[in-house]
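Residues per chain, in single letters:
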Amino acid sequence: MFGHFCGGEDLRTIQPTVENLKRSGIGGILDYAAEADVGADVTISTASADSDVPTTTRSNQALAREYSYQTERQCDANVKIFETAIRAVHGVTPDGFAAIKVTALGNPILLERWSTALREIYKLFGRMDVDKDGMVTFEEFTNVWNQLFVGDSMEIIINDMFKRFDKKGKGFIDPIAWTTTLDPPLMRRLAGYCKKQGSFAQAVLTTDEEKLVKSMQSRLRRLVALAADLNVRLMIDAEHTYFQPAIDNLVLSMQREFNKNTDCVYQTIQCYLKDARTRNQLFMDQARIENWQYAVKIVRGAYMHQERDRAKKRGEEDPIHSTIEDTHKCYEEIMEDVISRENVQEGREKVNLVVATHNQSSVECTIRLLEEYGLERMESGVAFGQLLGMSDHLTYSLGQNGYKVYKYIPYGPILECLPYLIRRAQENSDLMGSVGYELGMLAKEIRRRMIG
């Protein structure tokens, strides 16, 4: 089973798998199969960036494998694992990708804390945007400021704050300017003016936590810089929703720096989330306005049970689409949004899209959209991806017909890889449906050969 679904235990043992795929025109996405989560009962104490990362405790076990977050040195060791994978892509599958998880680069509790702070930043923009037109005028900013904040020389402070966000002097603040300007130090300054110490003030990161965030950012940048030097593309995996705002923030900062003329860094969008299409559109708008190349992998999502259980326990809205049909619809809408965006249609950049799916209908939809928008199958910047050992009929058919296609190749010690793949299989009904389809095709072929 391990040999069927995983490439091997290390980069030496995965090489035969990579070579076999290459002979069939199939590239590789190398992924060290590990991830981290947080449980219901977790405690955290702050620590400086050059000291041990806070130890976490929990009462229940995560469904998938976890990293140990005892020290910052462990995170640095994880960086070296990813660096080895990036160099391996360069050496054995040069047109391929390396996949990395941000939860390997810092404490997951910190990611959750930072994500909470970012959500409060978004919520504050929503309150400032009184008429809900997506822009905050000076008048709106002033009125809401006076409701929420106190302080001496208020007029001077308000003017200074507004100019910080409205750097180009347009007379309004858009969501992109808001989220890129309101960093942790500025958030802490704003919290100091709050009339009430509510959720916004409580979400502010401490100075020690900010140092840990900077360490995480530094590790990710080190990996992206190496990938850029070796001309290797990086996929940053999506993870749980309670980590995702921080992950999005990190990915966007890397894309802004390294995707100016190429598709070095790929965002990941989980289309089973209700806000997936809105977030993807915001990222595309940001790339267009700031003049860098948007690159994205779209998946349906792999944390459904955990997400729903958590939302139910916390009395929150379920973040997942109500039906699989809604997820399919969202997946295909985002696919078309990316393919049809202005910069692509005007020839300023390629599509830079990885369609990661085991769903044959989605593959057929992608091919139809490529034809509809007049894009060449090999030159469009659209690629397909499936897990190693799954949906081989799709992968090999695409490769034989001249489409860019990749196998996602998890590797690592056996006990670390299997829980990861089992969770993927349990939470992706399309993937399991594909197994039945492949078994049916295999049985038909056996009968054909026996009967003649």
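Residues numbered from 1 in each chain as written. Predicted model: local features only at pLDDT ≥ 70, side-chain atom pairs only at ≥ 80, totals over all residues. Heavy atoms only, no water.

A. Representation of the confidence of the model for the protein chain. Averaged over every residue, the pLDDT of the protein chain is 84; the share at 70 or more is 83%. The low-confidence segment residues 40–69 (pLDDT under 50) makes 81 contacts with residues lying over four places distant or belonging to another chain. (pLDDT = per-residue confidence, 0-100. Contact = heavy atoms within 4.5 Å.)

B. Seen up close, the packing of aromatic side chains. With the rule as written, the count across this model stands at 13 aromatic pairs. Each ring, one from Phe165 and one from Trp178, has its centre 4.5 Å from the other, and the planes form 15°; the classification is stacked. With Phe165 in helix H6 (residues 154–165) and Trp178 in helix H7 (residues 175–181), the pair connects residues that are 13 residues apart, well separated along the chain. When its relative accessible area of 3% is taken as the criterion, Phe165 is described as buried. Grouped by ring-pair contacts, the aromatic residues Phe125, Phe138, Phe141, Trp145, Phe149, Phe162, Phe165, Trp178 and Tyr193 constitute a single cluster. (Phe/Tyr/Trp six-rings, centres within 6.5 Å; stacked < 30°, edge-to-face > 60°. Helix = DSSP H or I, 4+ residues; strand = E, 2+ residues; numbered from the N terminus. Buried < 20%, exposed > 50% of the residue type's maximum accessible area, 1.4 Å probe, protein only.)

C. Focus on the sheet that holds strand S10 (residues 404–411). In spatial order, the strands read S1-S2-S5-S6-S7-S8-S9-S10; together these 8 strands close into a barrel with parallel pairing. If you compare each strand with its neighbour and ignore which way they point, the axes differ by 25° on average. Of the pairings in the sheet, the one linking strand S8 (residues 353–356) to strand S9 (residues 382–387) comprises 4 bridges and is parallel in character. Paired with Val355 across the strands is Phe384, a residue of S9. (Pairing = 2+ DSSP bridges. Axes fitted to C-alpha atoms, helices over the stretch in contact; angles between N-to-C directions.)

D. Quick look at the environment of Met378. Here Met378 is to be found in the loop between helix H16 (360–372) and S9. Residue classification places Met378 among the partly exposed residues on the basis of a relative accessible area of 40%. Excluding its chain neighbours within four sequence positions, the residues that come into contact with Met378 are Gly402, Tyr403 and Lys404.

E. Molecular detail of the packing of H6 against helix H8 (residues 184–191). For the pair H6 and H8, the least separation of the axes is 13 Å and the interaxial angle reads 155°. With respect to each other, H6 and H8 are oriented roughly antiparallel. For the pair H6 and H8, the sense of crossing is left-handed. Here H6 contributes Asp160, Met161, Arg164 and Phe165 to the contact with H8, which in turn contributes Leu186, Arg189 and Leu190. (Parallel < 35°, antiparallel > 145°, perpendicular 65-115°, else oblique. Left-handed = near helix turned anticlockwise from the far one by under 90°.)

F. View of the pattern of salt bridges. Under the defined criterion, the tally for this structure stands at 32 salt bridges. One salt bridge in this structure joins Lys101 and Asp31, with 3.4 Å as the shortest N-O distance. One end of the pair, Lys101, is in the loop between strand S2 (97–100) and helix H4 (108–128); the other, Asp31, is in strand S1 (residues 27–32), and 70 residues separate them in sequence. Neither Lys101 nor Asp31 differs from the other in exposure class; each is buried. With a closest N to O distance of 1.9 Å, Glu210 and Arg188 form a salt bridge. Note that Glu210 is positioned in helix H10 (residues 207–230) and Arg188 in helix H8, a separation of 22 residues in sequence. Of the residues examined, Arg188 reaches a relative accessible area of 30% and is grouped as partly exposed. Through salt bridges that share partners, Asp31, Lys101, Asp237 and Lys297 make up one connected network. (Salt bridge = Lys/Arg side-chain N within 4 Å of Asp/Glu carboxyl O.)

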